[in-house]
Amino acid sequence: MGGDRLVSKNRRASFDYEISDTMEAGLVLIGSEVRALRESAADLSDAWIDIDQRGEAWVKNLRIPQLKHAAFAHTDLRPRKLLMHKEQIERLRGLTERDGMTLIATKCYFKNNRAKIEVAVARGKKK
């Protein structure tokens, strides 16, 4: 049925970071955001993932452009919740507690008509 369709890729990630591990996560979006992703690309260049005190994962600085003709528009840079199992979130938290590791977003795509994001555990390269 729906198949995979790449919306956007973070090309700067491989230049700025050493990527060690990746994981797929679902995105909680509102209607205008899904529509905007289907019509245009998202900007992942500054997107990073934060795990809060309650054990929830959030993607920050993911820019989804507003549609010009939308009646109820969304905010481009609002934090968006990631849909992951608790075990996956705890595994990511454990990996980021190591020296210099961070979580970044590398891809945004649709899989079976569901918005997904690829989360990567990465270490910044020395410039």
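These figures come from a predicted structure and were not determined experimentally.

Draft legend 1. Focus on helix H2 (residues 31-39). Those residues of H2 not exposed but buried are Ser-32, Glu-33, Ala-36 and Leu-37. Projection of H2 onto a plane perpendicular to its axis shows the buried side chains occupying an angular sector of 140°, all on one side. The inward-facing, buried residues of H2 contact strand E1 (4-9), strand E5 (80-83) and strand E6 (101-111).

Draft legend 2. Main features of the packing of aromatic side chains. Considering all chains together, one arrives at zero aromatic pairs under this definition. When the ring centre of Phe-110 is taken as origin, the NZ or CZ atom of Arg-38, which lies over that ring, is 4.3 Å away.

Draft legend 3. Here's a closer look at the environment of Arg-78. The topology assignment puts Arg-78 in the loop between strand E4 (57-60) and E5. According to the relative accessible area criterion, Arg-78 is partly exposed, its value standing at 24%. C-alpha of Arg-78 to C-alpha of Ile-64: the two residues are 14 residues apart in sequence and 9.1 Å apart in space. Sequence-distant contacts of Arg-78, that is, excluding residues within four places in its chain, are made with Val-28, Leu-29, Ile-30, Glu-33 and Val-59. At 2.9 Å, the side chain of Arg-78 forms a polar contact with the side chain of Glu-33.

About the cut-offs
Residues numbered from 1 in each chain as written. Predicted model: local features only at pLDDT ≥ 70, side-chain atom pairs only at ≥ 80, totals over all residues. Heavy atoms only, no water. Buried < 20%, exposed > 50% of the residue type's maximum accessible area, 1.4 Å probe, protein only. Helix = DSSP H or I, 4+ residues; strand = E, 2+ residues; numbered from the N terminus. Arc of directions from axis to C-beta. Contact = heavy atoms within 4.5 Å. Phe/Tyr/Trp six-rings, centres within 6.5 Å; stacked < 30°, edge-to-face > 60°. Lys NZ or Arg CZ within 6 Å of the ring centre and 35° of its normal. Polar contact = N/O pair within 3.5 Å; in protein donor to acceptor, adjacent residues only side chain to side chain.

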